[in-house]
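Descriptive structure summary
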Amino acid sequence: MQKNTSTLLQTYLQYQGSPFSDPGFSAPELQLSSLPSAAVSFKTWHALEDGERLSYAKGAFLALTQHLQLVGDDQIDLNPGNPILLAQLGAARLRAQGLLSNMAAIMTALGLPVPPEEDTLGSVPFGASAFERKCRGYIVTREYGHWTDRAVRDLALLKAKYPV
């Protein structure tokens, strides 16, 4: 799953044109207010209780499923002739939905409250320029990779802590 996130980000950047497709492109300072950032220090994240980490991750993957749908819709307009990118975005959204469901099931199994699902996008600026939509897609695909890495680590820790 982690390999797929790296492939998605590289494919996404490749099809957006310059500056996104330029070698070494990176813009860690770009964020979306509607998408939780995975940039939390190890110490802070590790100090959280299992339920808190699961709740934050569940919220992030809920937001990611909605944002990945939006990015896919943007790319239908920006890169209509690119079935590879569209398929990868669709697969990422399905994987994010799967992780979201798994986290809710784990929370239920541990007797933890499962936060209700909500609309994380709010009102999306439909008049966003092509560049703004490309930036949004970059941020979403980048954060999807970071959150997936974090979720894989956290689920492995939970599996070791609560053996079946």
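The structure this text deals with has already been given above.
Residues numbered from 1 in each chain as written. Predicted model: local features only at pLDDT ≥ 70, side-chain atom pairs only at ≥ 80, totals over all residues. Heavy atoms only, no water.

Quick look at the overall build of the protein chain now. Within the protein chain one finds five helices and zero strands. Here the C-alpha radius of gyration of the protein chain, 16 Å, is about what a compact globule of 164 residues would show, namely 15 Å. Along the longest, intermediate and shortest principal axes, the C-alpha atoms of the protein chain span 45 × 30 × 25 Å. Looking at the 164 residues of the protein chain, the share that counts as buried comes to 40%. In the protein chain, once contacts between residues fewer than 6 apart in sequence are set aside, the share between residues at least 24 apart is 84%. Split by element, the accessible area of the protein chain, about 8,900 Å² in all, is 60% carbon and sulfur. In the protein chain, 14 positive and 15 negative side-chain charges are present, and the distance between their average locations comes to 7 Å. (Helix = DSSP H or I, 4+ residues; strand = E, 2+ residues; numbered from the N terminus. Rg over C-alpha atoms; globule rule 2.2 N^0.38 Å. Buried < 20%, exposed > 50% of the residue type's maximum accessible area, 1.4 Å probe, protein only. Contact = heavy atoms within 4.5 Å. Areas by Shrake-Rupley, 256 points an atom, 1.4 Å probe, with all protein chains shown as cover. Lys, Arg positive; Asp, Glu negative; His and termini not counted. Charge placed at Lys NZ, Arg CZ, Asp CG, Glu CD.)

To continue, consider the nonpolar core. Where a protein is soluble and globular, its nonpolar side chains tend to be buried together. Phe-61, Leu-64, Leu-68, Met-103, Tyr-138, Tyr-144 and Trp-147 are the most contacted members of the largest nonpolar core, which totals 35 residues. Among the elements of the structure, helix H1 (2-14), helix H3 (50-78), helix H4 (83-109) and helix H5 (130-161) are those that each provide at least two residues to this core. For Phe-61, the contacting residues outside a window of four places in its chain are Ala-96, Leu-99, Leu-100, Met-103, Tyr-144, Trp-147, Thr-148 and Ala-151. (Core = buried A, V, L, I, M, F, W, Y, C linked by side-chain atoms within 4.5 Å.)

Scanning all chains against the criterion turns up five aromatic pairs. Taken together, a centroid distance of 6.3 Å and an interplanar angle of 40 degrees make the contact between Trp-45 and Tyr-56 tilted. Placement of Trp-45 in helix H2 (residues 42-47) and of Tyr-56 in helix H3 is noted, with a sequence separation of eleven residues between them. Through successive ring pairs, a cluster of aromatic residues spans Phe-20, Phe-25, Phe-131 and Tyr-138. Over the aromatic face of Trp-45 sits the side chain of Arg-150, whose NZ or CZ is 4.3 Å from the ring centroid. Over the face of the ring belonging to Trp-147 we find Arg-150, whose NZ or CZ atom lies 5.7 Å from the ring centre. (Phe/Tyr/Trp six-rings, centres within 6.5 Å; stacked < 30°, edge-to-face > 60°. Lys NZ or Arg CZ within 6 Å of the ring centre and 35° of its normal.)

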